[in-house]
Amino acid sequence: GEACHHHHHLRRRPRPHPLPYQSTTVRSDAAFNLFDVRGGASSYSNSNSNGISGDKDDDRVLIIDVDNCLYSEEAIREAASALTSTSTSTRQQNNLLGVEEQIILNTREFCRRHYNMTERQSQELYLKYGSTVEGLRRTVDPKNIESTRQMLLDYYNEVYDGIDMSCLLCHRSQGSGGSGSGDINDDIDDGSNTGYSHVRRTRKKRQHLAALLKSIPYPIYFASNSPRNHVLKVLTSLGLRDVPHEGIVTPDTVDAEGGNDDGEPFPTKSSPRLFYKSILGRHPGSQIILLDDSVFNIKTASRVGIMGMHINRDHPLELALAACLKHISSPFDDSGGSIGRSGDRYEFSDVKYLRSKNSVDAVSINADVWQRLADELRMNVIPTLEDGVLRIADVGAGLLSMLEMMVAGGGGKSSLFGMIQETAAVDKGRGRDATGTSKSSHPRLRQIHYTAYESNVNLIEGCKKTLSRLGFNEVAEFVLGGKLEEVIFRGTVKGSDPPISVTVHFRTKDFVEDDSKRFVPPNLVVGCCFADLFDPHELAQSLVSFTTLCKQGGGFGGSGPCSGTGTLVYFPITFAGTTQFDPAFPFATGFLSSARPIPSDTCAFNIYSDSLSDNLNHNVDEYRIIDAIKDHGGTLLSHGNSDWKIEPDSYLWDTMMYFFGTTGAPDVMIKQWDSQGWIKRARASRPSIRVSNCDLLFRLGGSGPSSTGEQNGYDKSQLEPIQAEEIEFQSPRKVGKKTRMLELGPKQVEITSECSLISSGTELKIFKGMFEDAALDVNIKGMEDELMAYPLSYGYSLVGRVTRCGSQVPDADDLIGRLVFTFSA
């Protein structure tokens, strides 16, 4: 959950039911196995070249395998097993077998019936020759061409006739044999279920893949060891039948084209010179790349100069296509892969990414919201602790960056645990707390229990290093069924008198899966870079369930979700929907052709934002989160900006470019822009990256008033002036910038603009000094007494959101967060 939000790519997607959230799961071995013409494996990586390379290698040809490449056979089997049983026989009875699974069963039956082979013997043929049918060709009367031809005809007819493609249909109903009428594909993710893999729900994934394949500017061939009719059935079932392609290469199409000149009927990928003969003949000198799930097929293709990319569940087709399209580069490119800021090849690492991101987070976290969190804990939560134990749940712990901020501070901010101890000076004279209890009767804070939920086991060692650096010691480790379940650490808050003990429970599971009988609801829930990854209302419901507010009270008594202080929910670094390069570039002529111009950076990032929302189901509007939590009884206590500025000499910058290449660039290409040119331009110019984020602090449940009188994000008792910058017309044809303090009056509201309107005619005249031809709109109340004289700051109108209200604004609660229009002056 600590992982990056858009792209950001770094957290698990929500499950459909019953509890939708999972925290970060990332694989550290995020590298494709690629094979060059010599058949040697090399590492896959993102590109970060220092210049715009030429387009001599744009003459690429893509050969795409079909079964278990255009879809994930493993994911289909897992989804089917979840509905019935992991038993193949049970799924076979219920017509829930995958495509390749049916082919394997039919092949084994063919070998048994015709050649009295055991299952093990047929499998040995597959392992030795790359496919069972190729093994039959080489071992069953190989010198008799006519006999071999007849055997292969019998094989393809008996094995492939009647293969059921229902498992590939997104509306697939289980029928009488299933566990109800549902869609098994609704549970298929076709990839590791993480934000790193940009997993899409199956239906959206299929539609997006079709649009992507239709937009690729290179020739595409579909190739399979299965018959052509089988390939057409797969393409039809996946909704890819209309994808433009140069041809379908299968044993029967090669045989029909005369590929058996050497007397080999129905050649397969095991005979690359014959199988790829037509492609090699049509595209001499081109860079031909095979995308296949079989390492054997990739290695044999390398013998005729075809490069290969291994497709598997962790490295699916979409990521491979991003490399082929040079959205992220590979050793296929002239640059030889990505060269990072140190001159070394860039390779994605979840640990290095999170460390780089955490340093930016610490600087970006909003100091006012951080202070407000400390005030709420110190004044409203700690005084009500019956046992003196403050319980905190980090629902997406990552490398424990939030714990480090709380223990040691960072980014110019003080330690949260240190801040909540400063009660003597702050609380002096306040008498009673929000519940009316005398502060002198409150128990002191004795212990802090910090439960960190992180299901990515790759991060455990990194977390241990963080805790060791903070002075924590490991005291216990729990393993269940060979799987690490929990690690416990202990330490103390430095400088506390008397010492405050801190116990950290690091649990390798998602927070909604915590079924411990010893579970005690937390006083504070923390999720850094977390809240924007999910549907806001599902997020709110999961929080209500996790904090057990839905199980408390309901009678005449004083307990329940509407009593007490409730649970604080702190979501720092929540994506607010905007990403931009600084400086930003405009539209330009494309690198591929004049028919595809390079989009402006603003245009490209608008497409990127839409892709995050539409394809990854990320939320890009923080006000939807605010509204959802309000709908579930929450109160917004504080809301502030926490924007990122990512400099180009950082690992985070390289990783963001990797994210843009895998998520944004494909959709830029689908919309007929030059996506390659956009990525190349950014790599050459290396601009800073700015990302709009916000920090949110809520109280979920409870009825007590706020510690400072703030309601729904503003503080009526502390309406401090803010500094604003304005464009100022200083003299004819001279424009400058001035700074002034804006103090919010008791009956005024503060509006943060989202977009503004320029009166180009009037403002141009003021710029030129033509005051006699320009006039302020005196029909607008408040502008009658304005003078048209230099220096002049001329505002027109804007749309924005209400962020603060004066102390005498009667409907302040309803106004905060509302989108409004206003004339400005």
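Attention here is on the structure that accompanies the text. (Residues numbered from 1 in each chain as written. Predicted model: local features only at pLDDT ≥ 70, side-chain atom pairs only at ≥ 80, totals over all residues. Heavy atoms only, no water.)

1. Remarks on helix α21 (residues 601-614)
In a regular helix each residue adds 1.5 Å, so 14 residues correspond to 20 Å; α21 covers 20 Å between its end C-alpha atoms and thus fits that length. Inspection of α21 places Asp601, Cys603, Ala604, Phe605, Ile607, Tyr608, Ser609, Ser611 and Leu612 among the buried residues, and these make up the whole buried set. Those residues of α21 that are buried lie in contact with β14 (567-582), α23 (651-670) and α24 (675-685). (Helix = DSSP H or I, 4+ residues; strand = E, 2+ residues; numbered from the N terminus. Expected span 1.5 Å × (residues − 1). Buried < 20%, exposed > 50% of the residue type's maximum accessible area, 1.4 Å probe, protein only. Contact = heavy atoms within 4.5 Å.)

2. Details of the side chain of Thr466
Counting through the fold element by element, Thr466 comes out in helix α19 (residues 460-469). Judged by its relative accessible area of 6%, Thr466 falls in the buried class. Side-chain polar atoms of Thr466 contact the backbone oxygen of Leu399, separated by 3.3 Å. Those residues within four positions of Thr466 in sequence are excluded, and the remaining contacts are Leu399, Leu400 and Glu404. (Polar contact = N/O pair within 3.5 Å; in protein donor to acceptor, adjacent residues only side chain to side chain.)

3. Examining the pattern of salt bridges
If you walk through the whole model with that rule in mind, you get 34 salt bridges. The salt bridge partner of Glu124 is Arg120, with a shortest N-O separation of 3.5 Å. Of this pair, Glu124 and Arg120 are both found in helix α4 (residues 119-129), 4 residues apart, which corresponds to roughly one turn of the helix. Among the ionic pairs, Asp361 bridges to Lys357, the shortest N-O distance being 2.3 Å. With a gap of 4 residues between them, Asp361 and Lys357 both fall in helix α14 (residues 350-364), about one helical turn apart. For the pair Asp361 and Lys357, one class covers both residues: buried. Via salt bridges that share partners, Glu109, Arg112, Arg113 and Glu158 belong to a single interconnected network. (Salt bridge = Lys/Arg side-chain N within 4 Å of Asp/Glu carboxyl O.)

4. Overview of the environment of Ile76
Tracing the sequence through the fold places Ile76 in helix α1 (residues 73-83). Linking Ile76 and Gly98, residues 22 residues apart in sequence, is a C-alpha distance of 6.1 Å.

5. Some details on the nonpolar core
Trp370, Phe417 and Tyr570 are the most contacted members of the largest nonpolar core, which totals 143 residues. Of all the elements, α23 adds the most residues to this core, at 11 residues. (Core = buried A, V, L, I, M, F, W, Y, C linked by side-chain atoms within 4.5 Å.)

6. Section: the sheet that holds strand β22 (residues 819-823)
Note: strands within a sheet are paired through backbone hydrogen bonds, in either parallel or antiparallel orientation. In spatial order, the strands read β20-β21-β22; together these 3 strands make up an open sheet with antiparallel pairing. A strand with exactly one partner marks an edge of an open sheet, and here the two such strands are β20 (749-757) and β22. Recorded for the sheet is a direction-independent mean angle of 45° between the axes of neighbouring strands. Relative to β22, strand β21 (residues 797-805) runs antiparallel, the two sharing 5 bridges. Opposite Leu798, over in β22, you have Thr822 as the bridge partner. (Pairing = 2+ DSSP bridges. Axes fitted to C-alpha atoms, helices over the stretch in contact; angles between N-to-C directions.)

7. Concerning the packing of helix α7 (residues 202-215) against helix α13 (residues 317-324)
Each packed pair of helices is defined by two parameters, the angle between the axes and the distance between the axes. Packing of α7 against α13 brings their axes to within 11 Å, and their N-to-C directions diverge by 20°. Between α7 and α13, the angle is such that the two are roughly parallel. Note that α7 runs across α13; the crossing there is left-handed. Contacts between α7 and α13 involve Lys205, His208, Leu209, Leu212 and Leu213 on the former and, on the latter, Leu317, Glu318 and Leu321. For the contact of α7 with α13, the per-class residue count stands at 5 nonpolar, 1 polar and 2 charged. (Parallel < 35°, antiparallel > 145°, perpendicular 65-115°, else oblique. Left-handed = near helix turned anticlockwise from the far one by under 90°. Nonpolar A, V, L, I, M, F, W, Y, C, P; charged D, E, K, R; others polar.)

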